[in-house]
Amino acid sequence: MAIYIITGATGLIGGALVDYLKKDENNKLILPVRNILKAEDRFGQSDQIIYMEHDFSSNNPLNFSGNIDYIVHAACPTASRFMVEHPVETIDTIINGTRAMLQTAQQSHVKRMVYLSSMEVYGKFDGESDSIDESAQGYVNPLNARSSYPMAKRMAEAICYNYAKEYAVPVVVARLAQTFGPGVDITHDMRVFAQFARCAREHQDIVLKTDGRSRRMYLHIFDAVKAIMLLLTKGLEGEAYNVANKNTYSSIKDMAEFVKEQFCPSIQVTVLKDEDNCYPPETNLPLSTSKIEELGWKPQYGLLEMFASIIG
């Protein structure tokens, strides 16, 4: 039997990971969540799952003293609007939550912990680059509320690294590209990909709030789960790994045109710039995925499958 702690279980990635692990009846899952009723509604009640109420924005340690084999720390704000309107809470959740889980990993002598970071730690890169590996670092403006997320993610990675070096905590960092697929609620999700999917489903024009020049990669939720499971067994302690599908590299505007052409050719893609938008700054992030591919991981799903799974 393997015992896992999965944080952020009611979120997209955490939820998909719980669904995957539940398939093996030998796995036992401990889920620290803010709202137990919401989690029970999502996963039900069974002997396989233990729910714990915990607020990761607090300074409180996780009150669990039993045996643990693996930890995946996925709890984190994901809405840009929240990051702009609640930057302090964003920082607190990322920093305090990461420290709490590292302390739990240290005390429980886990076999491995995976911390889910983000491609946003790379910040802003001007111009084009052939490939951005895990050693690269772009610019992030610390005097900007939206930067609360990437700045805190950078610090959380630093905390992970130093827990690995000073306390021998076997933690691995996964820098995920923007991830979506089955489980996304496009009715309420305000991230760009969800807005595009919603427009296609409702036969409404896609209106970009920026020039749409930022270029980045994306990741199917199923590919993300497989990468996390691989890093739990083969990832090197204290190391970071880019996790992305290099075949999805595109600009925001090109992705909007792709959704239009593939799912609703009758709509139009227009630009109506909003200078007060809460999106990350324009950047180009052709991430190198060679490091995780050397461990045996390859993505299986592209943008077509990603959007098909949420548009229906």
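Above this text sits the structure in question.
Let me sum up the structure you'll find in this document. (Residues numbered from 1 in each chain as written. Predicted model: local features only at pLDDT ≥ 70, side-chain atom pairs only at ≥ 80, totals over all residues. Heavy atoms only, no water.)

**Section: helix H5 (residues 148-167)**
Helix length check: H5 (20 residues) gives 27 Å between terminal C-alpha atoms against 28 Å at 1.5 Å per residue, within 8%. Ser-148, Tyr-149, Pro-150, Ala-152, Lys-153, Ala-156, Glu-157, Ile-159, Cys-160, Tyr-163 and Ala-164 are the residues of H5 that are buried. Here the buried face of H5 lies against helix H3 (80-85), helix H4 (87-108), strand E5 (112-118) and strand E6 (171-176). Directly after H5, the chain includes Ala-168, whose backbone phi takes a positive value near 60 degrees. (Helix = DSSP H or I, 4+ residues; strand = E, 2+ residues; numbered from the N terminus. Expected span 1.5 Å × (residues − 1). Buried < 20%, exposed > 50% of the residue type's maximum accessible area, 1.4 Å probe, protein only. Contact = heavy atoms within 4.5 Å.)

**Some words on the layout of surface pockets**
Considered as a void within the structure, the second largest pocket measures approximately 340 Å³ in volume. Lining the second largest pocket are 17 residues, with Lys-124, Tyr-139, Ser-147, Pro-280 and Pro-281 positioned closest to its centre. Classifying every residue of the lining of the second largest pocket by side-chain character gives eight nonpolar, five polar and four charged. (1 Å grid on protein atoms, 1.4 Å probe; cavity = no way out; pocket = protein on both sides within 12 Å on 5 of 7 lines; lining within 4 Å. Points joined across faces, edges and corners; volume = space filled by probe spheres on them. Nonpolar A, V, L, I, M, F, W, Y, C, P; charged D, E, K, R; others polar.)

**Considerations on the packing of aromatic side chains**
Under the criterion given, the structure shown has six aromatic pairs. Clustering of aromatic rings is evident, with ring pairs tying together Phe-180, Phe-193, Tyr-218 and Phe-307. The ring of Tyr-241 has Lys-291 sitting right over it, with the charged end atom 4.8 Å from the ring centre. (Phe/Tyr/Trp six-rings, centres within 6.5 Å; stacked < 30°, edge-to-face > 60°. Lys NZ or Arg CZ within 6 Å of the ring centre and 35° of its normal.)

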